[in-house]
Amino acid sequence: KGGQSLLGGLKAVVHRNFFGRQVDSAERPVNLTDEVVAGPHRQVDDEPFRHVFIRAPAIMSVEEGVSVLATLTANAREEEIAREHGSSNPSR
């Protein structure tokens, strides 16, 4: 449904401003993969990694060969948007 032309590079489908307008900005926990948790910037406590989403895009799907480093559990509004755009995994 519309959108910008692709420039190439990352083999992924991205939804611009997925998290809403700037007034909808929020800080939310992100689920890091084991690859990130074990890396040099690993978190040393049990607190979830928190990220600020300000008019942020969401990666709706990735092609083979792309490593997913973190996921976000979608809320009801985000799940609906993902379904409208045919995403098989709205939590990414």
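To be clear, the structure that these remarks concern was listed above.
Residues numbered from 1 in each chain as written. Predicted model: local features only at pLDDT ≥ 70, side-chain atom pairs only at ≥ 80, totals over all residues. Heavy atoms only, no water.

Visitor: So what exactly am I meant to see when it comes to the pattern of salt bridges here?
Guide: Enumeration over the complete set of coordinates arrives at three salt bridges. Across the salt bridge formed by E78 and R28, the nearest N and O atoms sit 2.6 Å from each other. Highlighted residues: E78 in helix α2 (residues 76–84) and R28 in strand β2 (residues 26–32), separated in sequence by 50 residues. You'll find E78 and R28 in the same group, each marked buried. (Salt bridge = Lys/Arg side-chain N within 4 Å of Asp/Glu carboxyl O. Helix = DSSP H or I, 4+ residues; strand = E, 2+ residues; numbered from the N terminus. Buried < 20%, exposed > 50% of the residue type's maximum accessible area, 1.4 Å probe, protein only.)

Visitor: Explain the sheet that holds β2 to me, please; I cannot follow it from the model alone.
Guide: As a general point, the strands of a sheet are linked pairwise by backbone hydrogen bonds and lie either parallel or antiparallel. Across the sheet, three strands lie side by side as β3-β2-β5; this open sheet has antiparallel pairing. Both edges of this open sheet fall to β3 (49–53) and β5 (70–71), since each of them pairs with a single strand only. Sheet analysis places β2 next to β5, joined by two bridges and oriented antiparallel. Residue pairing in the sheet places L32 in a bridge with A70 of β5. (Pairing = 2+ DSSP bridges.)

Bear in mind that shape data such as this cannot, by itself, settle questions of function.
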